[in-house]
Amino acid sequence: MRSRKADLQEDARFRVLRLLEAKPEMSQRELAEAVGISVGGVHYVLSALVERGLLKLGNFSASDDKRRYAYILTPKGLAEKAAITKTFLARKLEEYEALKREIEELKAEINADEREDRQDVRSRKGHG
């Protein structure tokens, strides 16, 4: 069983790869906001992805600011994103099914409580 921390790290990697595949010129600040982690966290994720050969840096030529980069997924990065997509989806489907079960249990609990309350009211009326 994987740890929650490992799942969160994989989720961040997946989301960053997915966002950059669609929009390689996203800034670290934009990525941080979209993924829901700190700019420092995004910097860490990007550095690890570049180090692992999943992303490469290129200048973002459409920008007036030549310090801006584009983060381009490498073929290895595309393959990693595809693999992570499968595990991410499987995990989210498990979470969804668990949440559905919990919701059904809560609904049943509420219905049982409401039936009990109605019976209590009826029995008090009959004895009053």
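Being a predicted model, the structure only gives us computed values, none of them experimental. (Residues numbered from 1 in each chain as written. Predicted model: local features only at pLDDT ≥ 70, side-chain atom pairs only at ≥ 80, totals over all residues. Heavy atoms only, no water.)

J.: Give a detailed account of the overall build of the protein chain, specifying residues and quantitative values.
T.: Looking only at helices and strands, the protein chain features four helices and two strands. Start at the N end of the protein chain and walk to the C end: the helices and strands fall as α-α-α-β-β-α. Expressed as a percentage of the 128 residues in the protein chain, the buried residues total 23%. Across the protein chain, the fraction of contacts at a sequence separation of at least 24, relative to all contacts at a separation of at least 6, is 50%. Surface exposure of the protein chain reaches about 9,300 Å², of which carbon and sulfur atoms provide 54%. (Helix = DSSP H or I, 4+ residues; strand = E, 2+ residues; numbered from the N terminus. Buried < 20%, exposed > 50% of the residue type's maximum accessible area, 1.4 Å probe, protein only. Contact = heavy atoms within 4.5 Å. Areas by Shrake-Rupley, 256 points an atom, 1.4 Å probe, with all protein chains shown as cover.)

J.: Break down the packing of aromatic side chains for me, with residues and values.
T.: According to the stated counting rule, one finds one aromatic pair in the structure shown. Both rings, one in Phe14 and one in Phe88, keep their centres 4.3 Å apart while their planes meet at 25°; by these two values the pair is stacked. With Phe14 in helix H1 (residues 4–22) and Phe88 in helix H4 (residues 75–127), this pair connects stretches of sequence that are 74 residues apart. (Phe/Tyr/Trp six-rings, centres within 6.5 Å; stacked < 30°, edge-to-face > 60°.)

Worth remembering: the numbers are spatial, not functional.
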